[in-house]
Amino acid sequence: MSSTQRTFPADFLWGAATASYQIEGAVEEGGRGPSIWDTFSRTPGRTLGGDTGDVAADHYHRVGEDVALMKELGLQAYRFSIAWPRIQPTGRGPANPEGVAFYSRLVDELLAAGIRPVATLYHWDLPQALEDEGGWTVRSTAEAFGQYARVVAEALGDRVALWTTLNEPWCSAYLGYAAGVHAPGRTEPAASLAAVHHLNLGHGLAVRALRDVLGEDVPVSVTLNLHVTRAATDAPQDVEAKAQIDTVANEVFLGPMLQGAYPQRVLTDTAHLTDWSFVREGDLELIRQPLTLLGVNFYSTGRVRRLEDERDPGAGPRPDGHGDSATSPWVGCDRVEWLPQPGPHTAMGWNIEPQGLVDLLLELHDRFPGLPLMVTENGAAFADEVSPDGRVHDVRRVAYVHDHLEAVGRARDAGADVRGYFLWSLLDNFEWAFGFDRRFGVLRVDYDTLERTWKDSALWYREVIRTRTLLPVEAAADLPVPEPAGSPTA
Ligand code: FCB
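Residues numbered from 1 in each chain as written. Predicted model: local features only at pLDDT ≥ 70, side-chain atom pairs only at ≥ 80, totals over all residues. Heavy atoms only, no water.

S.K.: Describe the side chain of Gln289, and please don't skip the residues or the numbers.
M.R.: Mapping Gln289 onto the fold places it in the loop between helix H12 (283-287) and strand S7 (293-297). Here Leu286 takes part through its backbone oxygen, which lies 2.8 Å from a polar atom of the side chain of Gln289. In this structure, Gln289 is in contact with Gly204, Val207, Arg208 and Met257, ignoring residues within four places of it in sequence. (Helix = DSSP H or I, 4+ residues; strand = E, 2+ residues; numbered from the N terminus. Polar contact = N/O pair within 3.5 Å; in protein donor to acceptor, adjacent residues only side chain to side chain. Contact = heavy atoms within 4.5 Å.)

S.K.: Pulling in residues and values, what's your account of the site of the ligand?
M.R.: Neighbouring the ligand are Gln22, His123, Trp124, Asn167, Glu168, Tyr299, Glu377, Trp424, Glu431, Trp432 and Phe440. Between the ligand and the protein, one listed contact pairs an oxygen atom with a side-chain N or O atom of Glu168 at 2.5 Å. For the ligand, whose unbound accessible area comes to 290 Å², protein coverage reaches 99%. Tallied by class, residues from the shell around the ligand come to 5 nonpolar, 3 polar and 3 charged. (Near = heavy atom within 4 Å. Areas by Shrake-Rupley, 256 points an atom, 1.4 Å probe, with all protein chains shown as cover. Nonpolar A, V, L, I, M, F, W, Y, C, P; charged D, E, K, R; others polar.)

S.K.: Any chance you could break down unusual backbone geometry for me, citing the residues and the numbers?
M.R.: With an omega of 5 degrees, the peptide bond running from Ala183 to Pro184 counts as cis. Along the chain, Gly343 connects to Pro344 via a cis peptide bond; the corresponding omega equals 0 degrees. The phi torsion at Ala56 lies on the positive side, around 50 degrees, for a residue other than glycine. Residue classification places Ala56 among the buried positions, given a relative accessible area of 4%. (Buried < 20%, exposed > 50% of the residue type's maximum accessible area, 1.4 Å probe, protein only.)

S.K.: Account for the packing of aromatic side chains, with residues named and values stated.
M.R.: Evaluation of the coordinates by the stated rule reveals 35 aromatic pairs. Relative to Phe80, the ring of Tyr78 lies with its centre 5.7 Å away and its plane at 25 degrees, an arrangement referred to as stacked. Residue Phe80 is classed as buried on the basis of its relative accessible area of 2%. With centroids separated by 5.6 Å and ring planes inclined at 65 degrees, the aromatic side chains of Phe430 and Phe436 adopt a geometry described as edge-to-face. For the pair shown, Phe430 and Phe436 are each scored as buried. In this structure an aromatic cluster arises from ring pairing among Tyr21, Trp37, Phe40, Trp124, Phe430, Trp432, Phe436 and Tyr447. Note that Arg86 overlies the ring of Phe102, its terminal NZ or CZ placed 5.7 Å from the centroid. (Phe/Tyr/Trp six-rings, centres within 6.5 Å; stacked < 30°, edge-to-face > 60°. Lys NZ or Arg CZ within 6 Å of the ring centre and 35° of its normal.)

Note that all results are geometric; they support no functional claim without further evidence.
Structure, rendered in structure tokens:
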């Protein structure tokens, strides 16, 4: 059988991903200032069970242990994010030495373990002080982000293998400022479009800052959650509905970042909300910067049709599992209806359709030839159970990762230049509005003791990395659990 199993080339990069607010905890230590997620999660009713990232997976205090686990897992790269309010507690000014020291230690331990550090500058934890001045809806936040990038580059630049400016600006702009289900929890559709632009501008300024400090060759990327949406039928109005979603969700970032222009369609579709006068002369040149690669986060797909009848256009947001709200993240798309997707679904309610990843990677390859791609997040939440034997036999997670790695392989076979894969996530963690209820980790975190244990998915992924071979899902149940580092061997 093994001869039929898919293998990956030696230069394909195997990683796992996390984000600062989701794992670190220690929100009041090391001189860290408050972020919008502290404020949001402490506001009653905002997160499931009132969960906050105050402790999270306690990674701040367990860096050594966690890097040892990564090494045991065989990771070649680790994608983490830097909490802006640890580096600049109010979003501006000189670097906070304790904040720098924390990430410096992390990077040094990764390098000592032979793991490449992949650093994301912004994974949603905006300093609260900047939100108090308007957050991403105002230009000064983009400018502050550029300065922050410079400060981080000066502190860690020589040791980071790949930089990512923003993680999923779609979520920051639309879930944060239109749907209000993410921090800062605002429901202002017009302001969310200003946020889109200032995130784009912040990206451009950050790329420039990184290159100013570290030289033109420094590897820089951005990570987008491009939505793979299908039209419910071939009818022109449904195809049109899909195009509308593609524009407001995807092209509004791809256009400025990679092509130097906003799509005309988004300007028209949102003309009743804003005249886009926040886009200033020269911004588009700033935003369009050469990138080393494009990071792609992929979880599920969607299906839409044109809403032609009298049904309530505000019938609700896409059931994308990011929370409930009366307000839609689909700004300017009132006459688009999201249809339920056939299963199977994960615990997020997201459908599982690996073909969507094949299609996405191939489309990006066709549209942007010469721009390498990296899957910077992919993974699944399921209601894990600890078996009587003490193990978590998370076979559905193994199958999910297996099938998406197969999808990456198929896209590569068809020519897509996909350089690597980062599993979301290394550890169970704070899943934003869903708190600790949704577990994405391949390592289980016991939230009472904060102990980490290996799920079958971690054991399986370790073997896949070691052999560069897509092992069958069934192999996962029989793999031995590694001895904790430092423990006596038999
Ligand atoms: C992505 C986020 C990540 C995590 C996964 C499940 O949208 O980037 O932080 O929440 O979804």
